[in-house]
Amino acid sequence: CDEQMAKTEFKKDELSDDIAKMTAKIDKAAAASAELKAEVQALQAELAALTKAQAEMDKLRMEEHEAFTEAKADLELGLTGVRKALGVLREYYGTGGAAAAAML
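Criteria and cut-off values
- Residues numbered from 1 in each chain as written.
- Predicted model: local features only at pLDDT ≥ 70, side-chain atom pairs only at ≥ 80, totals over all residues.
- Heavy atoms only, no water.
- Helix = DSSP H or I, 4+ residues; strand = E, 2+ residues; numbered from the N terminus.
- Rg over C-alpha atoms; globule rule 2.2 N^0.38 Å.
- Buried < 20%, exposed > 50% of the residue type's maximum accessible area, 1.4 Å probe, protein only.
- Areas by Shrake-Rupley, 256 points an atom, 1.4 Å probe, with all protein chains shown as cover.
- Lys, Arg positive; Asp, Glu negative; His and termini not counted.
- Charge placed at Lys NZ, Arg CZ, Asp CG, Glu CD.
- Patch = residues over 30% accessible without salt bridge, like charges linked within 9 Å, V, L, I, M, F, W, Y side chains within 5 Å.
- Salt bridge = Lys/Arg side-chain N within 4 Å of Asp/Glu carboxyl O.
- Phe/Tyr/Trp six-rings, centres within 6.5 Å; stacked < 30°, edge-to-face > 60°.

Enquirer: Lay out the overall build of the chain in plain terms, naming residues and giving numbers.
Expert: Counting secondary structure elements, the chain contains 1 helix and 0 strands. Taken over the C-alpha trace, the chain has a radius of gyration of 43 Å; the compact-globule value for 104 residues is 13 Å, which it surpasses by more than 25%. Taken along its principal axes, the extent of the C-alpha atoms in the chain is 145 × 25 × 10 Å. Expressed as a percentage of its 104 residues, the buried residues of the chain come to 0%. Counting only carbon and sulfur atoms, one obtains 65% of the accessible surface of the chain, whose full area is about 9,700 Å². Here the chain carries 14 positive and 20 negative side-chain charges, and the mean point of each set is 6 Å from the other.

Structure representation (structure tokens):
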């Protein structure tokens, strides 16, 4: 009977050790899980901020593109006018200089 009690006590101690080890593993896993959940929340917040910033940048770029498109037509018209004016001036002063030289 004492032998059976010793075996039972030994088995009980082994199982208690196993329970303690498993409990420690569970606690460690729970702590890691909580830490990972906190990291996920922080990363989701950062992602939301980046998405918002990207949307604002896209909106700003679109507005700037529209302003450029409107201004481009006016600038091209102005450039065409300047080129025509330069052509007229070259023609006028080019022939005027030759006519003045011919008079001498």
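Enquirer: Lay out a negative patch on the surface with the relevant residues and their values.
Expert: Together, E9, D13, E14, D17 and D18 line one region of the surface with negative charge. Relative accessible area serves as the criterion here: at 41%, D13 is assigned to the partly exposed category.

Enquirer: Help me get a handle on the packing of aromatic side chains, residues and values and all.
Expert: For the structure shown, the criterion picks out 1 aromatic pair. Measuring from centroid to centroid gives 5.0 Å for Y92 and Y93, while their planes differ by 80°, and the two rings are edge-to-face. The same class applies to Y92 as to Y93, namely exposed.

Enquirer: Hey, could you go over a nonpolar patch on the surface for me, with residue numbers and the actual values?
Expert: A cluster of nonpolar residues, V82, L86, L89, Y92 and Y93, forms a patch on the protein surface that exposes about 540 Å² of accessible area. You can see Y93 is positioned in helix 1 (residues 2-103).

Enquirer: Break down the pattern of salt bridges for me, citing the residues and quoting the values.
Expert: Under the counting rule described, the total for this entry stands at 2 salt bridges. Residue K7 is joined to E3 by a salt bridge in which the shortest nitrogen-to-oxygen separation is 3.7 Å. A residue pair is termed a helical-turn pair when its members lie 3 or 4 positions apart in one helix, as K7 and E3 do in helix 1 at 4 residues. We note a salt bridge from K72 to E76, for which the minimum N-O separation is 4.0 Å. Here the residue K72 and the residue E76 both occupy positions in helix 1, the gap between them amounting to 4 residues, near one helical turn. In this structure E76 comes out as partly exposed when scored by relative accessible area, which is 45%.

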